[in-house]
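Here is what each chain is made of, one letter per residue.
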Amino acid sequence: MNIVVLAGGVGGAKLCHGIALSSGQEHLSVVVNTADDFELYGLHISPDLDTMMYTLAGIGNPQTGWGIAGDTFNNFDMLERYGVQPWFRIGDRDLATHLLRTQLIAEGMTLSAITQTLAQRLGVKARILPMTDDRVRTVVDTDEGLFAFQDYFVKLKWQPEVRSLIFEGAEEAHPTDAVLRAIEVADTIIIAPSNLYLSIDPILAVPGIKEMLLNAAAPIIAVTPIIAGESVKGPAAKLMRELGVECSAVAVAQHYADLLNGFVLDSRDAALEPRIAAMGIQTLVTDTLMTNLEARARLACEVLDFADRLRPEKLGGCCPDRLLPSS
Ligand code: GDP
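Draft legend 1. Quick peek at the overall build of the protein chain. Looking only at helices and strands, the protein chain features 13 helices and 14 strands. The C-alpha atoms of the protein chain give 19 Å as radius of gyration, which agrees with the globular expectation for 327 residues (20 Å, within 12%). Summarising its shape, the C-alpha atoms of the protein chain cover approximately 70 × 45 × 40 Å along the three principal directions. Burial analysis of the protein chain (327 residues in total) assigns 53% to the buried set.

Draft legend 2. Unusual backbone geometry, seen in detail. Residues other than glycine seldom take positive phi values, yet W158 does so here, at roughly 45 degrees. By secondary structure assignment, the location of W158 is in the loop between α6 (149-155) and β8 (162-168). Of note in the backbone geometry, A228 takes a positive phi value of approximately 50 degrees without being a glycine. Structurally, A228 is set in the loop between β11 (226-227) and β12 (230-231).

Draft legend 3. View of the sheet that holds strand β6 (residues 137-142). Taken in spatial order, the 3 strands line up as β7-β6-β8 in an open sheet, and their pairing is antiparallel. Whereas interior strands pair on both sides, the edge strands pair on one side only; in this sheet they are β7 (145-148) and β8. Each strand axis lies, on average, 25 degrees off the axis of its neighbour in the sheet, ignoring direction. Where β6 meets β8, 6 bridges bridge the pair, whose relative direction is antiparallel. Across the sheet, residue R137 finds its bridge partner in β8, namely E168.

Draft legend 4. The pattern of salt bridges, seen in detail. A complete count under the given rule lists 14 salt bridges for this structure. With its nearest N and O atoms 3.6 Å apart, the salt bridge here joins R181 to E184. Of this pair, R181 and E184 are both found in helix α7 (residues 177-184), 3 residues apart, which corresponds to roughly one turn of the helix. D308 is the salt-bridge partner of R311, the closest N and O atoms lying 3.0 Å from each other. Here R311 pairs with D308, and both are found in helix α13 (residues 293-318), just 3 residues apart, close to one helical turn. A cluster of three or more residues bridged by salt bridges with shared partners is formed by E39, R135 and R137.

Draft legend 5. Highlighting helix α1 (residues 10-23). Its 14 residues place the ends of α1 20 Å apart at the C-alpha level, agreeing with the 20 Å of an ideal helix rising 1.5 Å per residue. α1 sits mainly inside the fold: 11 of its 14 residues count as buried. G24 lies just past α1 and shows a positive phi near 85 degrees.

Draft legend 6. Main features of the site of the ligand. Not every one of the 21 residues close to the ligand is listed here, only the nearest: P193, S199, P225, V232 and T288. At a separation of 3.0 Å, an oxygen atom of the ligand approaches a polar backbone atom of N195. Here a nitrogen atom of the ligand and a backbone polar atom of T224 are 2.8 Å apart. For the ligand, whose unbound accessible area comes to 580 Å², protein coverage reaches 95%. Here the shell around the ligand is built from residues that sort into 8 nonpolar, 10 polar and 3 charged.

So, how was this worked out
- Residues numbered from 1 in each chain as written.
- Predicted model: local features only at pLDDT ≥ 70, side-chain atom pairs only at ≥ 80, totals over all residues.
- Heavy atoms only, no water.
- Helix = DSSP H or I, 4+ residues; strand = E, 2+ residues; numbered from the N terminus.
- Rg over C-alpha atoms; globule rule 2.2 N^0.38 Å.
- Buried < 20%, exposed > 50% of the residue type's maximum accessible area, 1.4 Å probe, protein only.
- Pairing = 2+ DSSP bridges.
- Axes fitted to C-alpha atoms, helices over the stretch in contact; angles between N-to-C directions.
- Salt bridge = Lys/Arg side-chain N within 4 Å of Asp/Glu carboxyl O.
- Expected span 1.5 Å × (residues − 1).
- Near = heavy atom within 4 Å.
- Polar contact = N/O pair within 3.5 Å; in protein donor to acceptor, adjacent residues only side chain to side chain.
- Areas by Shrake-Rupley, 256 points an atom, 1.4 Å probe, with all protein chains shown as cover.
- Nonpolar A, V, L, I, M, F, W, Y, C, P; charged D, E, K, R; others polar.

Structure below.
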C-alpha cells in the first residue's frame, strides 16, 4: 500500500507522524515544499524538509513544531556576542544539519540525494522527497512591499497584509523523477493540513506535478488546515481573509476541488459538510486537531480508511474495466 502525502512543515509532519505510528513508515512517501528554503550565513536551510525529517525521526520539538527536542542555542549567544542580531533561531544540533547539507550541495549532490542521506542516518524509513531539486523561492507581495518568504514569516511575524504570492523559479523547475513515480504508483494521496497558499501551492506550481495528480489512479484526499474559521497555527486564515477568500473549510475544499475525491473537515465544522458534498467531493467529518500522538495516529487511521472506501469508487469512475474480473 503506497501512501503519498503532499506537505509543508508542522501540520503535514504531524499527520505523517500519525501515519508512521499507525501503519509504519515503509510505504510512506512525502512530497515536501522547498519554496521556504533560504540561505543564512552561507548555509542552505530547508525548514519544511527538516521539520518533516526530525518529526519522522522522533527527535522533533513538539513545543515549537520546528527544530530538535532539547536542542541548545549556544551559537545564538555567540552570534549576539559578535554583535549580530540573529532573527532566525537555529539550535546547535539543528546547525549540524545545515552545515552538512550546505557542504554536500557544494560538492554537487542534489537536494533529494542529500535529504535521503540525512534522513537515513536519522533512521527515517519514509521517503522524504523535495518537490524539486531546482531553486524555487516564495516571494510575498504585501502592502509594505515585496519580501522573501522568511523575512515576511519570521522577521516580520507575518504582519504585513498579503496581496499575492509569487513562486520565483517555479515555472522553470522540474519535479524529480522520484516525486512523479511516487504519485504514479500511489494507492492513496493525501494533501496534508498544511498552509494551502504557502506550502501546498508551491508544490502544485512545479510543472508536471499537478498534471500527474490529475491523472493519478489513487484517490486524492485533503485534510483541512482550517477549523472553525481559524488556522490551528500560522497565517493560513489571515491569508485567506487578505486574499478575499471565505475563511473556512469550504474554501479549502474549493481551492483543491479539481484534484479531490475526498475532503476531511473538522467536527466543529460539520454544518459546512453539505456545501462540500455539493461540489461532488466525498466527505469525512471528524476531530482533525492533532493535540497528541494518539490524536495523530487516530486521524491518520481514519483518513486511510476513508481512502480505502474511495478507491473502488475512483477506479470505477475513471476506468470501469479495472473492476471486472480478469478472466
Ligand atoms: P508550516 O510550514 O510550519 O507553516 O506548516 P504547514 O504548512 O504544515 O502549515 C501549518 C498549517 O497546518 C496551518 O494552517 C494549521 O492550521 C494547520 N495545522 C497545524 N496543526 C494542525 C492540526 O492538528 N489539525 C489541523 N486540522 N490542522 C493543523
